[in-house]
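Tertiary structure, described
What follows is each chain in one-letter form.
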Amino acid sequence: MSVNRTNLSRRNFITAGVIGATGAFAGLTGCAPSGKKSDSKAAVSDSAEKKYSWETAPDPIDEGSITETQEADIVIVGAGTAGLVCALSAAEEGKSIIVIAKDEAPSGQGGSHFAMNTKFLNAEGKAPDTFTAINHELQLACYMVDSEQYKVFANESGVAMDWYQNLMETGGLSCTLEAPAYNCGGISEEYWGSHVFYGGPNDAPFGDLPDELEVLKNLITKDYGQQIFFNTTAQQLVREDGGRVSAVIATNADGKYIKYVGTKAVVLATGDYGNNEEMKEKWCSYVAGMSSMKMPANNTGDGHKMAMWIGAAMQPNERHAAMVFGPSDIYKSLSVNESGIRFANERVSNGLAAMEILQQPGKHTFSLWDSQYASKVPTFATRLNTQPDTPEMVQASFDAGVADGSILKADTITELAKLIDVDATTLQETVDRYNELCAAGTDTDYYKSSEFMIPVATAPFYAIENKASLLVTLGGLDVTADMEVRDTEGKVIEGLYALGAIAGNFYANTYTTYFCGVNLGRNVCYGYRTGKQLAALK
């Protein structure tokens, strides 16, 4: 078993890597307090009455403006995991494919892929109990999702991931499993099932998605001879007199209109709307004002809008979920809000830690620890091919954070309070109470796991600011379990399908990480399944 240089994974790296923190364990942080005493109750516009820009459909593009028409069995809009997997799955069955994407190369987010009952999981003896896991996830969603989609995922994600793993390994990548977060406690435990690929030239600690997408692209274009057009932005869908969707009109890099006709289907795999403030205000207000981590930042709900313009409906649950992340595991020490008060059990899964932060004044918090913390905090291997970090590695990451300014350091709690701009007396009382609970061995305030109750008692003391960060929004079009898009009357729109983050009815409340990587796992499962189904259409 190989050992990585540092024990990093998507769980404790993805946010820091994207926003530029340099400490090996840096989470969602800033180098100094921000948003001090900001108004956490800032009003959001009344979405029930506001008129949104997308509600006014543009005039149909004139046929005379179209400079070229291309045709294939299946036209796919979007070159992320879902779109490319669907394209390859159908191409394997001999169907002609055209993929268009507004990015200049394949793009996606994340790095781990959750699936159930795969050959890899079974070989490692890690396969979770399907009955328990699926029911747990549905309960967390309060059943405001399509249970039929979860049935499909439970029964078919393993076959799809086995197929995908074989492709990636043929393309030169290796597979391992990301370990669930260690001891979040009781119902907060994550499940095994997160498959991570690594070993390519663009490998990163949280996964090697760029090289995965490159493998898919090369198979589609080189092995199967199908076409992918980048720098091509979809503008409108073509629906025949309120019936079948037959084509999509796009602009190429020169601004010319091209019509792409799908004789069997048009598939929207355009991603989320994380960088569309109007859509977040309407459907996902708890992440309003937060910029999506996607680069380039062009996930603006294009597919959602095009579909609604031809009569498609959004999912019935109008409060959409989002994938937000809080501090990485190493920073789940004593946490306080900007009033210097502890507010919750810090040792929860990453997604729920972000939700804790978003409920606090200013939507930020501070983690505090002392000079002995690195030698006491439990660490764990984040993947099967890594080892736990040593106390020396943990402390080195703190020292690096102090050096670059992302971590604050002081000789007394009073001095630390000044650095993070909270009331010193209140903070000292909070620290004293926390230390009492640590000494007692039981957190009777918020019921945090005892082994993570580590006192803040020995100088020097450290603090880091935590903020929630948005990866993707997870609400979309009203779709069936076969990814057929429905209209506002609940009827299937013939010829139109949706995959990935644009496909609704799979998430509710928030992304919990109990199925860590289920977003990409769903893309693989449903991309593979839909490709085969579309190829079988007469």
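Criteria and cut-off values
- Residues numbered from 1 in each chain as written.
- Predicted model: local features only at pLDDT ≥ 70, side-chain atom pairs only at ≥ 80, totals over all residues.
- Heavy atoms only, no water.
- Helix = DSSP H or I, 4+ residues; strand = E, 2+ residues; numbered from the N terminus.
- Buried < 20%, exposed > 50% of the residue type's maximum accessible area, 1.4 Å probe, protein only.
- Contact = heavy atoms within 4.5 Å.
- Areas by Shrake-Rupley, 256 points an atom, 1.4 Å probe, with all protein chains shown as cover.
- Phe/Tyr/Trp six-rings, centres within 6.5 Å; stacked < 30°, edge-to-face > 60°.
- pLDDT = per-residue confidence, 0-100.
- Salt bridge = Lys/Arg side-chain N within 4 Å of Asp/Glu carboxyl O.

Along the chain, the regular secondary structure elements total 14 helices and 18 strands. The 538 residues of the chain split such that 60% are buried. Long-range contacts, defined here as pairs at least 24 residues apart, represent 75% of the contacts in the chain between residues at least 6 apart. Carbon and sulfur atoms provide 49% of the accessible area of the chain, an area that totals close to 20100 Å².

In this section: the packing of aromatic side chains. This structure, assessed with the given rule, holds 20 aromatic pairs. When the centroid spacing of 5.7 Å and the interplanar angle of 5° are considered together, the rings of W369 and Y462 count as stacked. Placement of W369 in strand β13 (residues 364–370) and of Y462 in strand β15 (residues 461–467) is noted, with a sequence separation of 93 residues between them. The two residues W369 and Y462 agree in class, both being buried. Pairing F506 with Y507 gives two aromatic rings, centres 5.1 Å apart and planes at 80°, and the pair type is edge-to-face. Since its relative accessible area comes to 5%, Y507 is described here as buried. Every member of this aromatic cluster is reached through a ring pair, and the members are F114, Y150, F153, Y191, F506, Y507, Y511 and F515.

To continue, consider helix α8 (residues 302–309). Counting buried positions along α8 yields seven of eight residues, so the element is predominantly enclosed. Those residues of α8 lying buried are D302, G303, H304, K305, M306, A307 and M308. Of the surrounding secondary structure, the elements contacted by the buried residues of α8 are β8 (233–239), β10 (257–268) and α7 (277–283). Count one or two residues on from α8 and you reach G311, which has phi positive near 105°.

This prediction gives the chain a mean pLDDT of 90; 90% of its residues lie at or above 70. Long-range and interchain partners of residues 1–8, a stretch whose pLDDT sits below 50, account for 27 contacts in this model, where long-range means more than four residues apart. Segment residues 35–45: pLDDT under 50, and 17 contacts once partners within four positions in sequence are set aside and those in other chains are kept.

Let's shift gears to the pattern of salt bridges. Tallied over the full model, the rule gives 19 salt bridges. The residue K102 makes a salt bridge to D302 at a minimum N-O spacing of 2.7 Å. Of this pair, K102 sits in the loop between β3 (97–100) and β4 (112–114) while D302 sits in helix α8, placing them 200 residues apart in sequence. Between E436 and R433 there is a salt bridge, and its shortest N-O distance comes to 3.5 Å. Note that E436 and R433 are positioned in helix α13 (residues 424–440) at a spacing of three residues, about one turn of the helix. Residue classification places R433 among the partly exposed residues on the basis of a relative accessible area of 34%. Salt bridges linked by common partners bring R342, E346, D443 and K448 together as one network.

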